[in-house]
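Working through the structure, step by step
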Amino acid sequence: MRATRASGRLDPDGGLLLATAGTQITAGPVTAFDGTRWLVVWAEANGATNDLRAIAVAADGSVVDVLPRLVASDVQSGGFAAASAGDGRVLVVFNRAEGATFSVRGTLVTP
């Protein structure tokens, strides 16, 4: 929900609807600001693993993406984050099981 110090709450009760999920949301959301837009990232169940989905939101609260985009698949629930230096890109990092080992991976997203 967006709010200002002077006006308080800007959005209706319950906040703005950004996206809906076809399956259970297993972790998140997390957010990062790229200097122009917010990127909102969450994990959705996909069988035994999860998919990371994201949607870009403009500073005025309008949703930029028509549909949530797939950032990564076959990820572990939880253990993901998003960060940006404000250069128009967001780094999303996540955990993935790979055989008998586990890895930390990252991908750059341009909201």
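About the criteria used
- Residues numbered from 1 in each chain as written.
- Predicted model: local features only at pLDDT ≥ 70, side-chain atom pairs only at ≥ 80, totals over all residues.
- Heavy atoms only, no water.
- Helix = DSSP H or I, 4+ residues; strand = E, 2+ residues; numbered from the N terminus.
- Buried < 20%, exposed > 50% of the residue type's maximum accessible area, 1.4 Å probe, protein only.
- Contact = heavy atoms within 4.5 Å.
- Phe/Tyr/Trp six-rings, centres within 6.5 Å; stacked < 30°, edge-to-face > 60°.

Relative to the helices and strands, Ala45 resides in strand 4 (residues 37–46). On the basis of relative accessibility, which here comes to 24%, the residue Ala45 falls in the partly exposed class. Filtering out sequence-adjacent residues up to four positions away, Ala45 remains in contact with Thr23, Gln24, Thr26 and Asn50.

To continue, consider the packing of aromatic side chains. In the structure shown here, the tally under the stated rule is one aromatic pair. Note on Phe33 and Trp38: the rings are 4.9 Å apart at their centroids and 45° apart in plane angle, and the pair reads as tilted. By relative accessible area, which is 38% here, Trp38 ends up partly exposed.

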